[in-house]
Amino acid sequence: MTSIMKIICIGRNYVDHAKELNNPVPKQPLVFMKPPSAILVNNKPLYYPEFTENLHYEAEMVLRICRNGRHVQQEFAPKYYEQIAFGIDFTARDVQSRLKEKGHPWEIAKGFDGSAPISEFINLDRLLNPKAIEFQLTKNGEVVQSGNTKDLIFSFDTLICHVSKYFKLQVGDYIYTGTPAGVGPVKVGDVLEGSIEGKALLSCEIK
Ligand code: ZN
């Protein structure tokens, strides 16, 4: 991770999640960013922010960009990522709702310090099913989100093409690729654990 990396995030990229929050299914990827200070590594805890009363987890697969590029064409998109991690896009849902109502930017609801825990990265070619990656999030041992990247509305390759029209992709950038259904609140003392293809990768306690 370099200090100038970008954290690009995709909203509403699974139909079942768009529906659970009563949002329309988008015709183009919905893109937003978090600052590098949002990243939490090494299974560090997240301290419940004082500005929200409805902190939600969103389990997401995260790509790491491995080459620089702009205006990437679909056929070359697979060359831009070779590793994946388990990430959580923490969202202050009450703050986000108030901002959305007014049509305001939602950075403070999603980009606050520690809002982007991330696991170690694993090579895609070491997965059983790189085109249909199964992942799961548990809260206090109970499964709360089960996803599969075959259900993405916009594939990894499509996201690379779309995002690189606006932002130069640079080595070390991350793309949080969206969350499946099952998002929900956490409280102090909860422990979230994320796995990819059954392999435990991320743990995050709310303090
Ligand atoms: Zn998200």
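Structure: see above.
The shown structure was predicted, so the numbers you read here are calculated from the model rather than taken from an experiment.

Q: Could you clarify how one ought to interpret the pairing of strand β2 (residues 30–34) in this entry?
A: Here is the key point about a regular strand: its side chains alternate between the two faces of the sheet. Here β2 shows a buried face lined by L30, F32 and K34 and an unburied face lined by V31 and M33. Of the pairings in the sheet, the one linking strand β1 (residues 7–11) to β2 comprises 5 bridges and is antiparallel in character. Across the sheet, residue G11 finds its bridge partner in β2, namely L30.

Q: Honestly, the coordination of the zinc ion in this entry has me stumped. Any pointers?
A: Taken together, E58 (OE), E60 (OE) and D89 (OD) make up the protein donors of the zinc ion, found 1.9 to 2.1 Å from the metal. When the donors of the zinc ion are listed by position in the chain, the intervening gaps give E-x1-E-x28-D. Taken together, the positions of E58 in the loop between β4 (55–57) and β5 (59–65) and D89 in the loop between β6 (81–88) and β7 (91–92) put the pair 31 residues apart, joining distant regions of the chain. Side by side, E58 and D89 carry an identical accessibility label, which is buried.

Q: Quick question: what am I supposed to make of the sheet that holds β7 here?
A: In a beta sheet, neighbouring strands pair by backbone hydrogen bonds and run either parallel or antiparallel. Here 3 strands make up an open sheet; going across it, the order is β7-β4-β13 and the pairing antiparallel. Since the sheet does not close on itself, it has two edges, and those belong to β7 and β13 (184–185), each with one partner. Across 2 bridges, the pairing between β4 and β7 is antiparallel. Within the sheet, the bridge partner assigned to L55 lies in β7 and is A92.

Q: Quick question: what am I supposed to make of the sheet that holds strand β11 (residues 142–148) here?
A: Read from one edge of the open sheet, 4 strands run β11-β10-β14-β15, paired in antiparallel fashion. What marks the edges here is a single partner per strand, and that holds for β11 and β15 (199–205). On average, each strand axis in the sheet is inclined to that of its neighbour by 20°, with strand direction left out of account.

Q: Honestly, a nonpolar patch on the surface in this entry has me stumped. Any pointers?
A: On the surface, V31, Y166 and F167 cluster together to form a nonpolar patch covering roughly 260 Å² of accessible area. Along the chain, Y166 turns up in helix α4 (residues 156–166). Residue class for Y166 comes out exposed when judged on its relative accessible area of 52%.

Q: When you look at the pattern of salt bridges in this model, what are you seeing that I'm missing?
A: Side chains bearing opposite charge may pair, as long as their charged atoms lie close to each other. Scanning the model with the defined rule gives 7 salt bridges in all. K150 is the partner of D151 in a salt bridge, and the nearest nitrogen-oxygen pair spans 3.6 Å. The structure contains a network of salt bridges with shared partners spanning K34, E58, D89, R93 and K110.

Q: Would you take a moment to explain the environment of P26 for this structure?
A: Inspection of the secondary structure assignment puts P26 in the loop between α1 (15–20) and β2. Judged by its relative accessible area of 17%, P26 is buried. Placed 73 residues apart in sequence, P26 and L99 show a C-alpha to C-alpha distance of 19 Å. Leaving out residues up to four positions away in the same chain, P26 has contacts with R12, I153 and F154.

Q: When you look at the environment of Q170 in this model, what are you seeing that I'm missing?
A: Its place among the elements puts Q170 in the loop between α4 and β12 (174–176). Between the alpha carbons of Q170 and A109 there is a distance of 25 Å; along the sequence they are 61 residues apart. Excluding its chain neighbours within four sequence positions, the residues that come into contact with Q170 are K6, I65 and N68.

Reading the values: rules and limits
Residues numbered from 1 in each chain as written. Predicted model: local features only at pLDDT ≥ 70, side-chain atom pairs only at ≥ 80, totals over all residues. Heavy atoms only, no water. Buried < 20%, exposed > 50% of the residue type's maximum accessible area, 1.4 Å probe, protein only. Helix = DSSP H or I, 4+ residues; strand = E, 2+ residues; numbered from the N terminus. Pairing = 2+ DSSP bridges. Donors = N, O, S within 2.8 Å, 3.2 Å for Na, K, Ca; no water. Axes fitted to C-alpha atoms, helices over the stretch in contact; angles between N-to-C directions. Patch = residues over 30% accessible without salt bridge, like charges linked within 9 Å, V, L, I, M, F, W, Y side chains within 5 Å. Areas by Shrake-Rupley, 256 points an atom, 1.4 Å probe, with all protein chains shown as cover. Salt bridge = Lys/Arg side-chain N within 4 Å of Asp/Glu carboxyl O. Contact = heavy atoms within 4.5 Å.

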